[in-house]
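Below, each chain spelled out in residue letters.
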Amino acid sequence: MENLFKKAISLTPENGILTEADTFLALAVAHNVFKVKILEKQKKQNDEILASLFNEFCEVGLLGEKQENIVSEILNAIADKNGLERPKFQVMTNSIFSGQLAAANANNSVRIYKKKLLETHKFYGQSFGQILKSLAHESQHLKQFFFIKQFLTGNNDVDIKYKIMAFQQIFQFCGIRTSKLDFLANEKYWYNAMEIDARQSGAQFILDAINNKQISKNAKKQLVYFASNQLESSANMYDSGKKLLKQLAWQEKKFKKDFGDCPLAQILLKEFNILKPQMFHYAKELDFLGYELSKNILILKQENKLMQKQTKAFSFEEK
């Protein structure tokens, strides 16, 4: 495996860099290395701590004064579990018309948004389950940034998904995101490896929280309701592997057309092609995860219906 970062910044007219396009590609690679300000730490298994924070957050409520501190602590606990530096956390005001719930930045920060016209409601419009899912989703982006940098600087032991993300980040820096014909389907988001992985991680985080034996009955009830009604559509894992391969094929073709004559582009494409068998295997894994998610959510829906029946029966007996 080439150290793509070293190769990109060391090319000279004598050893292969001949065009302005090569310089631009070198910048694309370097950008994905220099922008990452996340440090690696020792991993900590802390399911009990996370459950305690979930329970406290559930009891405090979405409008409680302590909510921002609890959210920050949840982010810290996820970072500890991932073995990464704890992120900076901000609550930012957003337009009431914006659909953005949260965002992560490679400088190791996470934002949760509140609506501009409802500033007294810190996380207005987001349920308990949605907030936890957003925190896991954005935390996964931080993990992605870290491992993309690891791959580009020569670490070939990182998971294939991070290698795919590295190439997609380079493609996107070059303006190669998705076909203009796919604008209405928003494929640049749904087919993007980073977003697919973050959605899957967010969904798994909710399922793990539900199965955490330390979680309170009230917190579990809210998470089961969220998972039963919203998790599958928000994660949108159906055929995600096939969609990713379709996106990669289009991006590779466009990249060849725009930069194929450049020495650095040829190095990148060589590494890309070496990884294709692993990409196909990962795509199949994603499609299986989508199937498993649907199956697990169906079980939760049945459990949710049973819980509702038991609650109604209990209320009837009290009367």
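To keep things clear, this report deals only with the structure shown in the data block. Fair warning: this is a prediction, and the values are worked out from it, not measured in the lab. (Residues numbered from 1 in each chain as written. Predicted model: local features only at pLDDT ≥ 70, side-chain atom pairs only at ≥ 80, totals over all residues. Heavy atoms only, no water.)

## Thoughts on the overall build of the protein
For step 1, the next point in the chain: Helices and strands together make up the secondary structure of the protein, namely 12 helices and 3 strands.
For step 2, the next point in the chain: Expressed as a percentage of its 319 residues, the buried residues of the protein come to 49%.
For step 3, the next point in the chain: Put simply, of all contacts in the protein between residues at least 6 apart along the chain, 70% involve residues at least 24 apart.
For step 4, the next point in the chain: As presented, the protein carries roughly 16,900 Å² of accessible surface, and 53% of it is formed by carbon and sulfur atoms. (Helix = DSSP H or I, 4+ residues; strand = E, 2+ residues; numbered from the N terminus. Buried < 20%, exposed > 50% of the residue type's maximum accessible area, 1.4 Å probe, protein only. Contact = heavy atoms within 4.5 Å. Areas by Shrake-Rupley, 256 points an atom, 1.4 Å probe, with all protein chains shown as cover.)

## Overview of the environment of S234
For step 1, the next point in the chain: Along the chain, the position of S234 falls in helix α9 (residues 217–235).
For step 2, the next point in the chain: Separated by 101 residues in sequence, S234 and K133 place their C-alpha atoms 9.6 Å apart.
For step 3, the next point in the chain: Among all residues touching S234, those that are not within four sequence positions of it are K133, W190 and R199.
For step 4, the next point in the chain: Of the polar contacts made by the side chain of S234, one reaches the backbone oxygen of Q230; its length is 3.0 Å. (Polar contact = N/O pair within 3.5 Å; in protein donor to acceptor, adjacent residues only side chain to side chain.)

## What to know about the pattern of salt bridges
For step 1, the next point in the chain: All told, the structure shown has 9 salt bridges when counted by the stated rule.
For step 2, the next point in the chain: Notably, a salt bridge pairs D80 with R86, separated by 2.7 Å at the nearest N-O pair.
For step 3, the next point in the chain: Residue D80 is classed as buried on the basis of its relative accessible area of 12%.
For step 4, the next point in the chain: You can call R86 partly exposed: its relative accessible area is 43%.
For step 5, the next point in the chain: Between K256 and E252 there is a salt bridge, and its shortest N-O distance comes to 3.5 Å. Of this pair, K256 and E252 both sit in helix α10 (residues 240–259), separated by 4 residues, roughly a single helical turn. (Salt bridge = Lys/Arg side-chain N within 4 Å of Asp/Glu carboxyl O.)

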